[in-house]
Amino acid sequence: MSLFNRLKKKFSGKHTDEEIENKESDELIDELDDGLISLEEFEEWEQEQIGYKFRMGLEKSRERFQAQINQLMATHRTVDEDFFEALEEVLISADVGFNTVMELTDELRDYAKLKNITETVDLKEVIVEKMIEIYERNNHISEEMNMQDDLTVILVVGVNGVGKTTSIGKIAHRYVKEGKSVMLAAGDTFRAGAINQLQVWGDRVGADVIKQSEGSDPAAVVFDAVNAAKRRGTDVLICDTAGRLQNKGNLMKELEKIKNVIKKVDENAPHEVLLVLDATTGQNALSQAKAFNEVTEITGIVLTKLDGTAKGGIVLAIKNELGIPVKFVGLGEKIDDLEVFSAENYVYGLFSDMIDETSEENDE
Ligand SMILES: Nc1nc2c(ncn2[C@@H]2O[C@H](COP(=O)(O)OP(=O)(O)O)[C@@H](O)[C@H]2O)c(=O)[nH]1
Ligand SMILES: [Mg+2]
């Protein structure tokens with residue numbers, strides 16, 4: 001089945017009836033428990049809700065991208081070199097990343113030649129399909145979180161202001177909702193207010209916070225936390241860190257030290273080192289990722305503020321040009337505005353109008 005058909009079926013095919021659609025999740029979980037709705041109905045509803053969130057969060061990117069593609073098709077009706085160059089510009093301006101854009105347009109050129117496509121509108125769907133194809137290619141890196149049966153330790157790194165603490169709160173909330181016990185370590189001892197901010201999140205989501213006073217050694221805080229988590233039988237420990245990148249040598253030393261104290265307690269930990277990147281900073285986010293990856297091994301990216309940018313192409317660039325999987329995306333400031341990244345949901349969020357349009361055509 002082609003990607004478009006797959007997405008059509010998943011998101012805009014048969015909608016669950018409105019009665020279910022407008023309910024809150026707590027209400028539905030109760031109904032599921034009481035046997036009033038089936039597990040399939042519940043899961044379908046859940047899928048739609050997630051698709052809806054991606055759609056809302058990616059509104060700016062979608063509108064901009066769609067307008068540009070439509071304009072491109074209106075001004076370039078025939079498939080020629082001019083068209084491909086204009087398309088390259090559109091994609092680069094959407095933060096897709098230079099190498100990825102070149103790969104994409106080269107494949108489109110071949111495809112158009114092979115299929116004898118002369119009108120640009122006939123390439124519209126293929127552009128989207130190629131994007132996801134390129135995203136899914138070389139998928140040797142796992143997008144799943146490396147969760148353990150006993151304690152899972154997650155270290156969260158990234159420069160100031162990208163959304164580390166907020167994302168930690170949101171991720172903690174997800175795991176608490178799944179019934180896991182979660183502990184947070186206030187490893188950003190550098191910035192005034194950072195410890196308190198994490199404590200506020202801990203209180204909100206129901207996670208213990210291990211902290212010391214401002215200015216204390218982050219490795220000491222983390223060491224205390226891993227020990228406490230082991231002792232209390234905690235499922236997930238998430239460690240916040242300070243985001244100073246003005247001196248790579250210092251940062252490397254600090255992160256090494258933190259990792260080493262974690263390993264003293266559990267030699268296989270940390271199980272995840274998540275780098276938080278702010279999608280609104282575009283190519284700068286890519287350079288940050290490169291810099292951090294040189295300092296310490298990054299196992300996944302949390303891409304925040306996708307709702308705040310009109311350049312959603314950054315997701316493709318990160319995966320393709322760095323080879324690090326995006327594991328979570330931030331789609332807003334609220335506690336529930338964080339989703340597990342899924343290429344399908346992302347593409348749906350970015351192109352839903354186009355996908356819905358074609359499904360109407362097919363339904364006729
Ligand atoms: N719109 C939006 N804002 C976010 C998102 N994630 C974080 N923020 C905001 O970014 C700002 C910095 O977040 P913070 O967690 O303190 O960053 P830190 O310095 O890396 O810990 C805060 O105002 C957050 O509310 C997101 O996904 N969307
Ligand atoms: Mg912080």
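Labelled according to an unreviewed UniProt entry, the protein chain appears under the name Signal recognition particle receptor FtsY, originating from Phocicoccus pinnipedialis. Taken from UniProt, the Sequence similarities (unreviewed entry) comment for the protein chain reads in full: "Belongs to the GTP-binding SRP family. FtsY subfamily." Under the Subunit (unreviewed entry) heading, UniProt states for the protein chain: "Part of the signal recognition particle protein translocation system, which is composed of SRP and FtsY."

S.K.: Any chance you could break down the overall build of the protein chain for me, citing the residues and the numbers?
M.R.: In terms of helices and strands, the protein chain carries 15 helices and eight strands. The globule rule puts the C-alpha radius of gyration for 364 residues at 21 Å, and the 22 Å found for the protein chain is close to it. Counting only C-alpha atoms and orienting by the principal axes, one finds that the protein chain spans roughly 65 × 55 × 30 Å. Buried positions account for 40% of the 364 residues belonging to the protein chain.

S.K.: I'd like to hear about unusual backbone geometry, residue by residue, with values.
M.R.: The omega angle of the peptide bond from alanine 269 to proline 270 is -5°, so this bond is cis rather than trans. Along the polypeptide, proline 270 turns up in the loop between α12 (248-265) and β5 (272-278). In this model, aspartate 95 sits at a positive phi of 70°, which is unusual for a non-glycine residue. Following the sequence through the fold, aspartate 95 ends up in the loop between α6 (81-93) and α7 (98-114).

S.K.: I'd like a rundown of the pairing of strand β6 (residues 300-304), residues and numbers included.
M.R.: Within β6, five of the five residues are buried, which leaves the element mostly enclosed by the surrounding structure. With burial as the criterion, each face of β6 is covered, one bearing Gly300, Val302 and Thr304 and the other bearing Ile301 and Leu303. Where β5 and β6 come together, five bridges link them in parallel fashion. For valine 276, the partnering residue across the bridge sits in β6 and is valine 302. At this point the chain moves from β5, through helix α13 (residues 283-295), to the parallel β6, and the crossover so formed is right-handed. Sheet analysis places β6 next to strand β7 (residues 326-330), joined by three bridges and oriented parallel. Bridging from a neighbouring strand, valine 302 pairs with phenylalanine 328 of β7. On the question of chirality, the crossover connecting β6 to the parallel β7 by way of helix α14 (residues 314-322) is right-handed.

S.K.: Which residues make up the site of ligand 1, and what values do they have?
M.R.: Within the structure, ligand 1 sits among 19 residues, and Gly163, Lys164, Thr165, Thr166 and Gly330 are positioned closest to it. If one sorts the elements of the shell around ligand 1 by residue count, helix α9 (residues 164-177) sits on top with three residues. Taken together, the residues of the shell around ligand 1 sort by class into three nonpolar, 11 polar and five charged.

S.K.: Lay out the sheet that holds strand β8 (residues 338-340) with the relevant residues and their values.
M.R.: With respect to topology, eight strands assemble into an open sheet ordered β3-β2-β4-β1-β5-β6-β7-β8, the strand pairing being mixed. Two strands lie at the open edges of the sheet, namely β3 (208-210) and β8, each paired on one side alone. Going from strand to strand, the sheet's axes swing by 25° on average, the running direction of each strand aside. Where strand β2 (residues 182-185) meets β3, three bridges bridge the pair, whose relative direction is parallel. Within β3, the position partnered with leucine 184 by the bridge is valine 209. Contacts between helix α11 (residues 218-232) and the sheet are confined to β1 (152-157), β2, β3 and β4 (236-239), with β2 contributing the most and set at about 165° to the helix.

S.K.: Tell me what's going on with the domain arrangement of the protein chain, and back it up with residues and numbers.
M.R.: Often the size quoted for an interface is simply the accessible area lost on bringing the parts together. Each assigned domain of the protein chain is listed with its residue range as follows: domain 1 (3-57 + 349-363), domain 2 (59-136) and domain 3 (152-340). The partner domain 2 presents nine residues to the 10 residues of domain 1 that form the contact. Counting residues per element, the ones that place at least two in the side of domain 1 that touches domain 2 are α1 (3-12) and α15 (343-363). Examining the composition of the side of domain 1 that touches domain 2, we find that seven residues originate from one element, α15, more than from any other. Looking at side-chain class alone, the side of domain 1 that touches domain 2 contains six nonpolar, three polar and one charged residues.

S.K.: How would you summarise the packing of α6 against α7 if you had to cite specific residues and measurements?
M.R.: At a minimum axis separation of 10 Å, α6 and α7 run at an interaxial angle of 150°. Crossing handedness for the pair α6 and α7: right-handed. When α6 is examined against α7, the residues Phe84, Leu87, Glu88, Leu91 and Ile92 are found in contact with a partner set consisting of Phe98, Val101, Leu104, Thr105, Leu108 and Arg109.

S.K.: Tell me about the nonpolar core, residues and numbers included.
M.R.: Grouped together as the largest cluster of nonpolar side chains are 94 residues, with contacts concentrated most on Ala172, Val222, Ala225, Leu237, Ile238 and Leu303. With residues up to four places along the chain from it excluded, the contact list for leucine 237 reads Leu151, Val153, Met183, Ala185, Ala225, Val226 and Ala229.

The rules behind the values
- Residues numbered from 1 in each chain as written.
- Chains lettered and ligands numbered in written order.
- Predicted model: local features only at pLDDT ≥ 70, side-chain atom pairs only at ≥ 80, totals over all residues.
- UniProt positions renumbered as here; feature names shortened; annotations may be inferred.
- Helix = DSSP H or I, 4+ residues; strand = E, 2+ residues; numbered from the N terminus.
- Rg over C-alpha atoms; globule rule 2.2 N^0.38 Å.
- Buried ≥ 20, exposed ≤ 12 C-beta atoms within 10 Å, placed from the backbone.
- Pairing = 2+ DSSP bridges.
- Right-handed = clockwise from strand over helix to strand, strands pointing away.
- Near = placed C-beta within 6 Å.
- Nonpolar A, V, L, I, M, F, W, Y, C, P; charged D, E, K, R; others polar.
- Axes fitted to C-alpha atoms, helices over the stretch in contact; angles between N-to-C directions.
- Contact = placed C-beta atoms within 7 Å.
- Domains from an automatic or database assignment.
- Left-handed = near helix turned anticlockwise from the far one by under 90°.
- Core = buried A, V, L, I, M, F, W, Y, C linked by C-beta atoms within 7 Å.

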